[in-house]
Amino acid sequence: MATSRKSPRSQKPTSKARKKASATDEAQTPPTLAGDRPVTNPDLFANSSTTPVASPLPIFEASKILTQRDHLPWKPDPDGKLCYAPDIGNGQGAIYFWVTENLEDEHPATLAGAAALAVIETFDIRAACMHLIFAAHATQVERPWEQELVISDRQIQAYLGLQQRTDKNRKEKLALIEEIAKQPCKITTYISWPRQGKSKGFTIEEGRLWHLLGTRYHYQYDLFGNQELVGMTFVVKAGLWAKYFLDDEDGQAVRPQQGILSKSLLKSVMGLWQHREGAARLMVWLLFKTQLSRQNALNVKTLMEVAYGPQRIQAAYEDYQLRKKLASTWDDDLLALHDKGWKIQFDGDTYPVEIRPISFGREEISRRPRGFFETLMDAYLWISPPEAWINHGLLPGEGAATDTLLEPTPEAEKDGLTGTEVHHLRTEKGWSQRKLAALTGLSQGLISMIENGTRSISPENEETLRQVFDYM
């Protein structure tokens, strides 16, 4: 078990970093002829349009980094390095992410300030597709933290739908694939995981999320005897985190969170990322959230913060024109999800017809009512994956594991009242949040935070809520 340090804040720079083969140095990975391609890992979608993919916390959070970039709360750690540290189990554990430009060293120096932001801002939403491809391939092998994943550009082009693209030539496609394959390997992580039930707590030293061990370039000769790049093969290995999140042989690691990856999702993100960036971000985020539970209602403000960033949402409260523009963009992104097969159901109590998108009930000639933005921020809806995913029997309720790894909860609290249950009980009784606040004596703001999952329910508040729901 890796326990080289108790806290990422106390790490000192490694004096003699162990060198790995350069991920891009052709001297280390000599060019080969097109016919000499190495044997790759089996194709992900050889027999189906979906494939199993592990989706534990490190995979989910890294997807957010690659899609939401500087919209996430990056802050300097005590050593001055820029760090993203989402909460684990209300502070019981810790997970930290940093970025680096170094693709060679096993333990690379991570970046601070403007240098770190420059890397983060170059992250491409399409790199999240590569990250998910790596995760799906890692799910196929027994020991991904030790076994190499060999993936060719031909496989990647098929996964991403690039073979049918006519707007890019072969050289441009290969350049894009190489760039987005590197980006997930620029993320490092440190994890201190709390004890959960029978699973012991553990600490994983800071290391790469993915190791890019090498890139092999494949050439062919043209009529004049000149070499032309026609392909490449990537050799990748998961970081040490995979031993604790993708393996459970000894029963002490985190139970592997099994989900599915749809080929149509990868193609959708590749097609939408430029013109409907918010919809592309939402698809990646919903890939994880909807696989945990198809029953949870989602808060619009939470979804819009994922799609557009919390800073832009906050600015909209102060700018009427921005509110209108943001609401229209949101409507268009919901329509884009719908067009890609996602099912959208609006909560009748919190999401009235007059603020819904025109294509979902609001008449085209009707204008949004005064105060629509505040109502929209408090609204809820359900978004379900395309029917084809459900038909494969791999989503919750159809045979998949449903225990959430995104917000670890102590064993004693697993049967407690959840924010989603509060929302459902309230709407079943036809109460507004304001009425529930009056009946319980809790503030409307607290009830809103409980329902959208940003505030846990104390034992005292749970007792009060249960009494109100049971006897009124």
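Everything here concerns the structure above.
Analysis parameters
- Residues numbered from 1 in each chain as written.
- Predicted model: local features only at pLDDT ≥ 70, side-chain atom pairs only at ≥ 80, totals over all residues.
- Heavy atoms only, no water.
- Helix = DSSP H or I, 4+ residues; strand = E, 2+ residues; numbered from the N terminus.
- Buried < 20%, exposed > 50% of the residue type's maximum accessible area, 1.4 Å probe, protein only.
- Contact = heavy atoms within 4.5 Å.
- Polar contact = N/O pair within 3.5 Å; in protein donor to acceptor, adjacent residues only side chain to side chain.
- Phe/Tyr/Trp six-rings, centres within 6.5 Å; stacked < 30°, edge-to-face > 60°.
- Lys NZ or Arg CZ within 6 Å of the ring centre and 35° of its normal.
- Core = buried A, V, L, I, M, F, W, Y, C linked by side-chain atoms within 4.5 Å.
- Arc of directions from axis to C-beta.
- Lys, Arg positive; Asp, Glu negative; His and termini not counted.
- Salt bridge = Lys/Arg side-chain N within 4 Å of Asp/Glu carboxyl O.

### Some remarks on the side chain of Ser-152
Moving on, step 1. Relative to the helices and strands, Ser-152 is located in strand β7 (residues 149-152).
Moving on, step 2. Judged by relative accessible area, Ser-152 falls into the buried class, the value being 7%.
Moving on, step 3. When near neighbours in sequence (up to four residues on either side) are disregarded, Ser-152 contacts Arg-37, Thr-40, Met-232 and Thr-233.

### A look at the environment of Asp-319
Moving on, step 1. Its place among the elements puts Asp-319 in the loop between α10 (310-317) and α11 (320-339).
Moving on, step 2. A distance of 3.1 Å separates the side chain of Asp-319 from the backbone nitrogen of Leu-322, its partner in a polar contact.

### Observations concerning unusual backbone geometry
Moving on, step 1. Of note in the backbone geometry, Arg-69 takes a positive phi value of approximately 50° without being a glycine.
Moving on, step 2. Inspection of the secondary structure assignment puts Arg-69 in the loop between α1 (57-68) and β3 (75-76).

### A look at the packing of aromatic side chains
Moving on, step 1. Taken as a whole and judged by the stated rule, the model has 17 aromatic pairs.
Moving on, step 2. Aromatic pair Phe-134 and Trp-210: ring centres 5.6 Å apart, planes at 65°, arrangement edge-to-face. With a gap of 76 residues between them, Phe-134 in helix α3 (residues 125-140) and Trp-210 in strand β10 (residues 210-221) connect regions that are remote in the sequence.
Moving on, step 3. Note on Phe-134: relative accessible area 1%, which makes it buried.
Moving on, step 4. Taking 6.4 Å as the distance between ring centres and 10° as the angle between the ring planes, the aromatic pair formed by Trp-193 and Phe-202 counts as stacked. Each member of the pair, Trp-193 as well as Phe-202, is classed as buried.
Moving on, step 5. Linked through ring pairs, Trp-193, Phe-202, Tyr-244 and Phe-245 together constitute an aromatic cluster.
Moving on, step 6. It is Arg-368 that lies over the ring of Phe-372; its NZ or CZ is 5.5 Å from the centre.

### Structural notes on the nonpolar core
A general feature of soluble globular proteins is that nonpolar side chains tend to end up buried together.
Moving on, step 1. The biggest cluster of nonpolar side chains holds 115 residues, and the ones touching the most others in it are Trp-210, Trp-241, Leu-265, Trp-330, Leu-334, Tyr-351 and Ile-383.
Moving on, step 2. Considering each element in turn, this core owes the most residues, 11 residues, to α3.
Moving on, step 3. Those residues in contact with Tyr-351 that sit more than four places away from it in its chain are Val-300, Trp-330, Leu-334, Phe-346, Arg-356, Pro-357, Leu-376, Ala-379, Tyr-380 and Leu-381.
Moving on, step 4. Counting residues in hydrophobic clusters, the runner-up holds 13 residues, among them Val-422, Trp-431, Leu-442 and Val-468.

### Description of helix α14 (residues 419-428)
Moving on, step 1. When α14 is considered as a whole, its buried residues turn out to be Gly-419, Thr-420, Val-422, His-423 and Arg-426. Within α14, the buried residues cover an arc of 160° as seen down the axis, which keeps them to one side.
Moving on, step 2. At the exit of α14 stands Gly-430, carrying a positive phi of roughly 75°.

### As for the side chain of Arg-208
Moving on, step 1. Tracing the backbone shows Arg-208 in strand β9 (residues 202-208).
Moving on, step 2. Nearest to the buried, unbridged Arg-208 among oppositely charged side chains is Asp-105, at 6.4 Å.
Moving on, step 3. There is a polar contact of 2.9 Å between the side chain of Arg-208 and the backbone oxygen of Cys-185.
Moving on, step 4. Once you skip the residues sitting within four places of it in the chain, Arg-208 turns out to touch Thr-100, Asn-102, Leu-103, Glu-104, Asp-105, Glu-106, Pro-108, Cys-185, Ile-187, Thr-188, Gly-239 and Trp-241.

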